[in-house]
Amino acid sequence: MNEKTLILLKPDAVERNLIGKILSEYERNGLTINDMKYMTASKEITETHYAEHKGKPFFNRLVCYLTRSPIVAVVVAGDNAVSRVRALNGTTNPADSGDNTIRALYGISLSENTVHSSDSVESAKRERAIWFN
Ligand code: CMP
């Protein structure tokens, strides 16, 4: 099924000039960039995006990280885009991520894991509305 999903290239990706390398991974795997925005995330939008993690021990660190320098918000489209992008990105902790996944290649740590992607079609709809309203 044709889907759209939301990806964030997080501050550590932009700071290390990895935008082109990471986006080319999605394109090389047959997915299409549908929308894109270079921006500095506000505290408000970041807290809305990560609302499910509010109250967790890492929440404040997560918000500080996401807002410290520019990010790129991207909508990617294609057949089963949600699960395909999750597979390309790898697991949350880069140390556990499969060979050649984006987080294994570029992730720094569990806290600074370079990319975010929606975990379901419903989340993708919600997150696209937050970043591309
Ligand atoms: P992401 O896929 O963007 O979704 C939630 C983020 O919270 C996750 O990537 C990590 O960057 C971060 N995260 C999840 N668990 C932890 C943790 N235990 N410590 C620090 N950061 C975490």
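Note on numbering: residues in each chain are counted from 1, in written sequence order. Given that this is a predicted model, residues contribute local features only at a pLDDT of at least 70 and side-chain atom pairs are listed and counted only at 80 or more, while totals for whole chains, interfaces and linings are drawn from all residues.

## Concerning the overall build of the protein
If you tally the helices and strands in the protein, you get seven helices and four strands. In the protein, the succession of helices and strands from N to C terminus is β-α-α-β-α-α-β-α-α-β-α. The atom set for the radius of gyration is the C-alpha atoms, and the globule formula is 2.2 Å times the number of residues raised to the power 0.38. Radius of gyration (C-alpha) of the protein: 14 Å, near the 14 Å computed for a compact globule of 133 residues. Taken along its principal axes, the extent of the C-alpha atoms in the protein is 35 × 30 × 25 Å. For the protein, with 133 residues in total, the buried portion stands at 31%. Helical segments are the DSSP runs of H or I of at least four residues, strand segments are the runs of E of at least two, and each set is numbered from the N terminus. Burial is judged by counting other C-beta atoms within 10 Å of a residue's own C-beta: 20 or more means buried, 12 or fewer means exposed, and anything between counts as partly exposed, with every C-beta placed from the backbone.

## Some words on the UniProt feature "binding site: ATP" (unreviewed entry) in the protein
UniProt positions are given in the numbering used here, feature names are shortened, and annotations may be inferred rather than shown by experiment. Mapped onto this structure's residue numbering, the UniProt feature "binding site: ATP" (unreviewed entry) falls at Lys 10, Phe 58, Arg 86, Thr 92, Arg 103 and Asn 113. Mapped onto the elements, Lys 10 comes out in the loop between β1 (2-9) and α1 (11-15). Here, residues touch in the contact sense if the C-beta positions derived from the backbone fall within 7 Å of one another. Discounting residues that sit within four places of it in the chain, Lys 10 has contacts with Leu 66, Ile 71, Thr 114, Val 115 and His 116. With respect to the helices and strands, Arg 103 occurs in helix α6 (residues 102-106). When neighbours within four sequence positions are excluded, Arg 103 is seen to be in contact with Asn 89, Gly 90, Thr 91, Pro 94, Ser 97, Asn 113, Thr 114 and Val 115.

## Overview of the sheet that holds β1
Across a sheet, strands are paired by hydrogen bonds formed along the backbone, either parallel or antiparallel in direction. The strand order across the open sheet formed by four strands is β2-β3-β1-β4, and the pairing between neighbours is antiparallel. Only two strands of the sheet have a single neighbouring strand rather than two, namely β2 (32-39) and β4 (115-117). When the angles between neighbouring strand axes are averaged without regard to direction, this sheet yields 20 degrees. When DSSP finds at least two bridges between two strands, those strands are taken to pair. When β2 meets strand β3 (residues 71-79), the two strands line up antiparallel, connected through seven bridges. Its bridge partner lying in β3, Met 39 is registered against Ile 71. To define axes, lines are fitted to C-alpha atoms, for helices over the stretch in contact only, and angles between the resulting N-to-C directions are given on a 0 to 180 degree scale. Of the strands in this sheet, β1, β3 and β4 are in contact with helix α5 (residues 81-89), which crosses β1 at around 35 degrees.

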